[in-house]
Structure formats: C-alpha cells, structure tokens
Amino acid sequence: MKMLFKLAFRNVFRYRRRTIITFSAISYGLGLMAVGISLYNGVDTHAMDNIINSQTAHLKILAAGYFEKKDEVPLEFTIDEPQEIKSLLKNNRDIQGIESRVLFQASIISGMDELPCMGVAIEPEIDPLVFKIKDSIIDGRFLEPSESKIILGSGLARDLGLKVGDDCTLRIFFSIEDFIWNALDLEIAGIAKTENPMVNRGTVFIPLSLAQEALSLENSVTELAVRIEDRRRLLEVRESIEGRLASLSKDYEVVSFEEYASDFKELMRMRSRMQALIPLMMILIATLGIVNTMLMAVMERTREIGMLAAMGMRKMEVMLVFIFEGALIGIFGSFAACVIGGLGGWWLEAKGFSLAFLGEEIAEMVSFLPMEVYKGDLTAGTLIFTFILGTVISILASLYPAYKAVKLDPIQALRHVG
Amino acid sequence: MSIAKLENIHKVYHIGKIDFPALRGISFSIEEGEFLSIAGPSGSGKTTILNLLGCLDKPSQGKIFLEEKDITALPTSKLADVRRKNIGFVFQTFNLIPVLTAMENVEFPLILEGQHDPKERRQVTEDILTEVGLKDFLHRRPNEMSGGQQQRVAVARALVKKPKLVLADEPTANLDSVTGEEILQLMLELNQKTSTTFVFSTHDKMVMDFARRIIRLRDGKIESDQKVNKK
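These numbers come from a predicted model, not from an experiment.

Cut-off values and rules
- Residues numbered from 1 in each chain as written.
- Chains lettered and ligands numbered in written order.
- Predicted model: local features only at pLDDT ≥ 70, side-chain atom pairs only at ≥ 80, totals over all residues.
- Helix = DSSP H or I, 4+ residues; strand = E, 2+ residues; numbered from the N terminus.
- Rg over C-alpha atoms; globule rule 2.2 N^0.38 Å.
- Buried ≥ 20, exposed ≤ 12 C-beta atoms within 10 Å, placed from the backbone.
- Contact = placed C-beta atoms within 7 Å.
- Nonpolar A, V, L, I, M, F, W, Y, C, P; charged D, E, K, R; others polar.
- Core = buried A, V, L, I, M, F, W, Y, C linked by C-beta atoms within 7 Å.
- Pairing = 2+ DSSP bridges.
- Axes fitted to C-alpha atoms, helices over the stretch in contact; angles between N-to-C directions.
- pLDDT = per-residue confidence, 0-100.
- Expected span 1.5 Å × (residues − 1).
- Arc of directions from axis to C-beta.
- Parallel < 35°, antiparallel > 145°, perpendicular 65-115°, else oblique.
- Left-handed = near helix turned anticlockwise from the far one by under 90°.

Participant: Residues and numbers for the overall build of chain A, please.
Facilitator: Secondary structure summary: chain A contains 15 helices and twelve strands in total. For chain A, whose C-alpha radius of gyration is 31 Å, the value lies well above the compact-globule estimate of 22 Å for 418 residues. Reported as C-alpha extents along the three principal axes, the dimensions of chain A are approximately 95 × 50 × 35 Å. Here chain A holds 418 residues, and the buried ones make up 45% of them.

Structure, rendered in structure tokens:
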C-alpha cells in the first residue's frame, strides 16, 4: 500500500503542468465556493441582526388580527393597555426591554417635495434597550420624550435635502384610501443611518406621545417590541409571554422576528436555492478537471499499466494507484481552496464590502437586502466542508479513469505506442 | 524437471470479422535452467507463445502446464498471482516505471510479492543491481540512464524475486549490437549462476547465437527444435 501511495504521489508531479491546471481548478473553484458560503451565511446572520435591531426586535406583541394586515399598517388593531402588559412581564428575566410603539403610514414634506415613509413612534427612553436606532445617529442627537422633533433616515434626509435643525412637515395618515390625515410641523433632531438601508431610505421616528396625540390614540399603541437576552431562548420566552397574556381579557398575538421577516426569509430561501447552483458548478468544474487529467494519465501510461499487470499487480492495486493520484490532487487542491476560502472569508468577516462604490443612491436602489455592508460569516464548518467535498469529489472523479485503466488488456497495453 | 509444457496449443485472434490463427498446434516442454530462444520471422507466433507462457493470454485450444500444474483454466486473478510469484518479464522497451529509481523499480516486484521486511528487501535489491553492474546507479531514475543500463535494471527486476521463468520479448531490439551482446551475456551468466530458466523471442542471429536451444517457428507451427552444444 505504501508503495502504491509513493507511486501515486510521484505520478502527481510527473505531469506538472496538467496537475497545476487541475489543482487550480479545484482550489479556485472550491475556494470561491467557500467564500460564497461565508458571504451567504454572513448575509443571513447580519441581515437578520439588522432587521432585529432596526425593525422587528425579537418578538412583537400585537392585538389579534394586526399581523395578518401588517402590510397595510393598520391603526384599528391597537393594544389599549400597554402598561398593564409591561407590568405583567416585568419580572421575566429573559426580557431585556419592552417598548410601546405605534407604526403608521406617513409622508414627509419639505417645501414642494413630499416623500412617502413609514412612521415609527417610539419611547425614546426605552428604545435603546430594544433597538439600535440611537447608536446609528450620524448627525444631531436622539429623541427626548414628548419633544416635537423627528429623526429621519439618512436616505430620506438626503433625498429631501434636509439636515439637523431644519423644519419639515410630517403628514400622518389615518387612512391612505380615504386620504384622512393629520400634519405635524417638526424640527429635525437627528439623522439615523442604520445598517438597514430599508430603514434609512423610508423611515422616520417621532416620540410616542406625539403620535398618540396626533392619531387620537390616547394611551393605545400598535405594538410592543420585545428584546430578549438570549436569542436561543426565543421559543421559551415566547411561550412564557403567551402564557401571561392569556390571563388578559383581550386577545393578543406574539410574533417572532422570523415570522415578521418571513418575506425576507423566503427571499433568502430562494437565493439559497439559486446559490446551490454555484457549488454545483464548482463541483462540476473540479470533477471534469480530475476526470480529464486522470483519463489523460491512463492514456499516456497505457504501456506502464500493461507492464504493472504483467508483473502480477492486481486490478484493485492498479485502480488504487489512480484513485490515490486523484485523491492527492484533490487533497492538495482542497487545502489550497481552504486557504483561499479562509482568507476571503476572513476578509469578508473583518471588512465586508459595500455597494457604496456605486454611489449611495444607486447602492440603495440595487440593495434588496437589509444591509449596508455585506459581511461574511466564516466558520470552521465551511472550511471542513470544502476540504471534504474537494477530496471526495476527486476520489469519485478518479473512479472512472481508474476503471478504464484496469479494463485495459495487458497485451494490448504493452503493445501500445504512446 | 519440466518448468513449462505446451500441449497442442492453438491460438486464434479475431480481428474484425476475420479469424487469424497465430499458433496451430504447438507442443513442447521447457526444462529447468534452459536458455531458450524462440525464433522466427514477424507474425510467426513468437510473442504469442511468450504471452501464453507468461499467463497474459489464454490459448484457444490446448493446455499449458507450469511446473506440472495446468494453468489453462485459471481465472484472470489467479493468473496474476502466478505471474507475481513465478514469472519475470524483460521487455523490448524496458518498461521501467519512470517515477521510481533503479532501486525502487527492482524492489517493486518484491513488494508486490509481499516481502515485508524493508531492510532485507533493500539488501536483495542492492545485491542484484550490483550483480548486473549498476552499483553506482541505484538512485538514478530511468531517464538518467542509458538504454543498456535501463535494460540491466529490467533484467534485475525480472530476477529479483527468483522466478521459475524469465520471459524476454526481443530484449535487445532497442539496443545497439554491443550493448545487446552485453545484456545477453549478462542473462546467460545469470542463467548459469542461478539456474533460472530464460525464454526469449528474437529474429536476430546474434541473439540466437547465445541460445542453448532454439525453437524456430513459421506460420504458427514449429519448424525446428534444436539444442545447441556450446562450451
């Protein structure tokens, strides 16, 4: 066995140029695949984090019926006793913060310009416990409770040419269809640029009390956003909250970020199906490379194979020489693929890349993911998968050429002129 | 003692739709320690006989015995075992493994045979390479050696496992006459020293001059079977 391995090892370096080409196909193909997987994982994780930090929190408590109509941003499904619910859940140690919020359809007017947006009324003193809007203020400051000020997403501010200290008008719609609205003149307290471009280009934040007054909601809110300590305990916390809410007379529903972002999840699922094609293509390239190299080797070494058979080498031993050869190219190539994938994945994880080079406006237009910077998530599992995949493919791809080698008639093989 | 015996051997090759009879009823036996040349023009059946003796091919009719044992009906895998243990080959084109050194090429049949002690293996290999005059070329690869040196390695490789029979198919055809004669002289010396049986095919008069027995073939039949007495 050792001799067969030695023979295979030396044969790998016998046709250097061809080995290098196959090695490159495997290392680049699988290396890029590893980078792709890291990027995909990163997008999945970071995009979800961004959605949680700027839009959904971990859980939302809603009045029954709201979730089904959430895309219409309805105002008729309200939570009328938010404080009572907060008190009920006060002692739950899994909960980091609960914020009362009102979501409403709105538009922002500056001079002659008007742009539609999503209005979010928040509790400024509690919001930082649940969301990361405060951390994303790039100009001005965060809101104070009850003040008549507004925070604009950076894209909105740019498109309307507004800056901190400017005044603008917020048109708050009770009903878009019936065109029933109220208007507030507000000074811009700050500009927020979150990691989520969707928020930046279409969201404004105002203090809760202001919205409640403008929308005549009194103490009612449209949702309670809940941030929990440990995302892995999401199910347990949700069940516990649902248990507590059952004691109340009104019906509520508790919705997780995954359900809230189900459109995004579906998008990711579709992408993952499409992205599965990339590894498949890489696998195909690597397989063809190995098959081609090994078939050439069988052809060029026909007489040698005949001689090995004449010396009494068994078919399985001849096969093993070729399988070892393919496996060695695969192992070297897969190792290099891990280095390429590791470096690429590390760079993506550390730095990431932004579409900003396209210009901020174009970047926002083409970005369909809730991310400003596309960051990777490199795991040891990705590299191990790449290594094993490359090696297994190479071994499998060597089987056919190895089979061709042992099917040769020793007499014909010995006569072969190569 | 008879090392090999062929009984009424016929061999027909099917080339397309045409049947080509390569051997037509060949019978002879080979005694231990013979230095036998099978001679004849191209297409007379020399290589076919070597292939049959070497268990690389099976006859269409007739029986082949190696050391009294009928090998005609053995399956391919068993024939590989017979080759591995009992037969050494020397080819016209040397057929060394290019990625192995002289030492490794000669050691290879011992490894295939299952000799596990590397120290002992290397000693046997070194001894035989010294015997064929390649003491200083142990670690050279085939492409670093002349044709004559490569054929010496091939002879050492054929003999290292002490086979019953060494088959050499036109062993000097790719060598100049001086080198060819040296190789034949070497094989003859080893034949006399070790009593290993040598059978080689040739149509070269100089090669036949070395033989102690010459079987001449023509059109797949034995034309003559002649013992040559030499000093």
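Picking up after the structure, the text goes on.
Participant: So what's going on with the overall build of chain B? Which residues, and what values?
Facilitator: Helix and strand counts for chain B stand at seven helices and ten strands. Taking 17 Å as the expected radius of gyration for a compact globule of 231 residues, we find that chain B reaches 17 Å, a close match to that expectation. For chain B, the C-alpha atoms occupy an extent of roughly 50 × 40 × 40 Å along the three principal directions. In chain B, which comprises 231 residues, the share counted as buried stands at 46%. Long-range pairs, those at least 24 residues apart, make up 70% of the contacts in chain B between residues at least 6 apart in sequence.

Participant: Quick rundown of the interface of chain B and chain A? Include the residues and the values.
Facilitator: Every contact between the two is made by 18 residues of chain B and, on the other side, 16 residues of chain A. Listing elements by their share of the side of chain B that touches chain A, those giving two or more residues are α2 (76–86) and α3 (102–113) of chain B. For the side of chain B that touches chain A, the element with the most residues is α2(B), which contributes five residues. Partitioning the side of chain B that touches chain A into residue classes produces ten nonpolar, four polar and four charged.

Participant: How would you explain the environment of P401(A) if you had to name every residue and give the values?
Facilitator: All names here are of chain A. Mapped onto the elements, P401 comes out in helix α14 (residues 380–407). Owing to 23 C-beta atoms within 10 Å, P401 belongs among the buried residues under this scheme. For the pair P401 and M294, spaced 107 residues apart in sequence, the C-alpha to C-alpha distance is 5.8 Å.

Participant: An account of the nonpolar core is requested, with residue identities and associated values reported.
Facilitator: Grouped together as the largest cluster of nonpolar side chains are 179 residues, with contacts concentrated most on I150(A), V204(A) and V199(B). In terms of residues, this core owes the most to one element, helix α2 (residues 16–56) of chain A, which gives 14 residues. Sequence-distant contacts of V204(A), that is, excluding residues within four places in its chain, are made with A106(A), I108(A), C117(A), G119(A), I150(A), I151(A), L152(A), G153(A), L156(A) and L170(A).

Participant: Before we move on, can you summarise the sheet that holds strand β9 (residues 213–218) of chain B with the specific residues and values?
Facilitator: Pairing between the strands of a sheet is mediated by backbone hydrogen bonds and can be parallel or antiparallel. Residue and element names in this part refer to chain B. Here we have six strands laid out as an open sheet, ordered β6-β7-β8-β3-β9-β10, and mixed in their pairing. Looking at strand neighbours, the two that pair on one side only are β6 (87–90) and β10 (221–227), the edges of this open sheet. Direction aside, the axes of adjacent strands within the sheet are offset by 15° on average. The pairing of strand β7 (residues 165–169) with strand β8 (residues 197–202) spans five bridges and is classified as parallel. Counterpart to A168 in the pairing with β8 is F200.

Participant: Any details on the confidence of the model for chain B? Residues and values, ideally.
Facilitator: Across chain B, the average pLDDT comes to 87, with 99% of residues at 70 or higher. Under the prediction, the complex receives an ipTM of 0.83, its pTM being 0.72.

Participant: Describe the pairing of strand β1 (residues 59–63) of chain A, with residues and values.
Facilitator: Residues and elements named next belong to chain A. Burial analysis of β1 places five of its five residues in the buried class, the great majority of the element. Burial along β1 is two-sided: L59, I61 and A63 and K60 and L62, pointing in opposite directions, are all buried. Two elements, β1 and strand β10 (residues 252–256), share five bridges in a ladder whose sense is antiparallel. Across the sheet, the residue bridging to A63 is Y252, located in β10. Bridging between β1 and strand β9 (residues 223–228) involves three bridges; their strand directions are antiparallel. What sits directly across from I61, in β9, is L224.

Participant: Explain the sheet that holds strand β5 (residues 69–70) of chain B residue by residue, including any values.
Facilitator: On the basis of which strands lie adjacent, the open sheet formed by four strands has the order β2-β1-β4-β5 (chain B) and antiparallel pairing. Only two strands of the sheet have a single neighbouring strand rather than two, namely β2 (18–31) and β5 of chain B.

Participant: Account for helix α6 (residues 177–194) of chain B, naming residues and giving values.
Facilitator: Residues and elements named next belong to chain B. Between its first and last C-alpha atoms α6 spans 25 Å; for 18 residues at 1.5 Å apiece the expected length is 26 Å, and the two agree. Along α6, the positions that sit buried rather than exposed are G180, I183, L184, M187, L190 and N191. Buried positions in α6, seen along its axis, are confined to an arc of 125° and lie on one side of it. Across α6 from its buried face, at more than 90 degrees, point the exposed residues V178, Q185, E189, Q192 and K193. In this structure, the buried residues of α6 make contact with β3 (35–39), α5 (147–159), β8 and α7 (205–210). The first or second residue beyond α6 is S195, which carries a positive phi of 60°.

Participant: Would you mind going over helix α1 (residues 46–53) of chain B in detail, with residue names and values included?
Facilitator: Along α1(B), eight of the eight residues are buried, which leaves the element largely enclosed by surrounding structure. C55(B) sits one or two positions beyond α1(B) and adopts a positive phi of about 60°.

Participant: Quick rundown of the environment of T172(B)? Include the residues and the values.
Facilitator: All names here are of chain B. Within the secondary structure layout, T172 lies in the loop between β7 and α6. The class of T172 is buried, set by 26 C-beta atoms lying within 10 Å. With 41 residues separating them in the primary sequence, T172 and E131 have C-alpha atoms 19 Å apart.

Participant: Quick rundown of the packing of α3(B) against α5(B)? Include the residues and the values.
Facilitator: Residue and element names in this part refer to chain B. It is the contact of α3 with α5, at a shortest axis distance of 7 Å, that shows an interaxial angle of 25°. Our classification of the angle between α3 and α5 gives roughly parallel. Every pair of crossing elements has a handedness; the one defined by α3 and α5 is right-handed. Where α3 approaches α5, its residues A102, N105, V106 and P109 are matched on the opposing element by V153, A156 and R157. Looking at the contact of α3 with α5, its residues break down into five nonpolar, one polar and one charged.

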